[in-house]
Amino acid sequence: MFEFVSKKEEEVQKKIEDLKRIETMLKDLKQRCPDEKQLHTCPIIETLIED
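Treat the numbers as computed from the prediction; the structure is a model and nothing was measured.

S.K.: When you look at the overall build of the chain in this model, what are you seeing that I'm missing?
M.R.: When helices and strands are counted, the chain shows three helices and zero strands. When its helices and strands are written in sequence order, the chain yields α-α-α. Within the chain, the fraction of its 51 residues that count as buried is 8%. Per element, the accessible surface of the chain, about 5100 Å² overall, is 59% carbon and sulfur.

S.K.: Is there a simple way to explain the environment of Cys42 in this structure?
M.R.: Positionally, Cys42 belongs in the loop between α2 (36-41) and α3 (43-50). Along the backbone, Cys42 and Leu29 are 13 residues apart, and their C-alpha atoms lie at a distance of 9.7 Å.

S.K.: Before we go on, may I ask you to explain the pattern of salt bridges in this structure?
M.R.: Side chains that differ in sign of charge can pair as their charged atoms come close. Tallying each qualifying case throughout the model produces four salt bridges. Close ionic contact of Glu23 with Lys27 constitutes a salt bridge, the shortest N to O distance being 3.7 Å. Here Glu23 pairs with Lys27, and both are found in helix α1 (residues 2-32), just four residues apart, close to one helical turn. With a relative accessible area of 41%, Glu23 lands in the partly exposed category. Residue Lys27 is classed as partly exposed on the basis of its relative accessible area of 47%. Connected through shared salt-bridge partners, Lys14, Asp18 and Arg21 make up one network.

S.K.: Can you walk me through a nonpolar patch on the surface in this structure?
M.R.: A cluster of nonpolar side chains, Leu19, Ile22, Met25, Leu26, Ile44 and Leu48, forms an exposed patch at the surface whose accessible area comes to about 580 Å². Breaking the nonpolar patch down by element, the ones donating at least two residues are α1 and α3. When residues in the nonpolar patch are grouped by element, the largest group, four residues, is from α1. Mapped onto the secondary structure, Leu26 falls in helix α1. According to the relative accessible area criterion, Leu26 is partly exposed, its value standing at 41%.

Parameters and conventions
- Here the residue index of a chain counts from 1 through its sequence in written order.
- Selection of residues for local features in this predicted model requires a pLDDT of at least 70, selection of side-chain atom pairs for listing and counting requires 80 or more, and totals for whole chains, interfaces and linings are taken over all residues.
- Excluding hydrogens and water, the side-chain values take into account all heavy atoms of the structure.
- Numbering of helices and strands runs from the N terminus, with a helix taken as a DSSP run of H or I at least four residues long and a strand as a DSSP run of E at least two residues long.
- Classification of residues uses two cut-offs on accessible area relative to the type maximum, computed with a 1.4 Å probe and protein chains only: under 20% is buried, over 50% is exposed, and between them is partly exposed.
- Only the protein chains shown count as cover for residues, with accessible areas throughout obtained via the Shrake-Rupley method and a probe of 1.4 Å.
- Definition used for salt bridges: Asp or Glu carboxyl oxygen within 4 Å of a side-chain nitrogen of Lys or Arg.
- Two joining distances apply to patches: 9 Å for like charges and 5 Å for nonpolar side chains (Val, Leu, Ile, Met, Phe, Trp, Tyr), and every residue must have over 30% relative accessible area and no salt bridge.

So yeah, pure geometry; function would need other evidence.
The following block contains the structure:
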């Protein structure tokens, strides 16, 4: 039981780290493309919208 819980805890920590990385990238992208028109011409944003 302990091993299972430890493994799950590691998985959750990895997901948290991944989400924090994504959050940082999105904040950076928001600063680079503050204009709404630019957001619609940005391929990264288009991909995110499609998902």
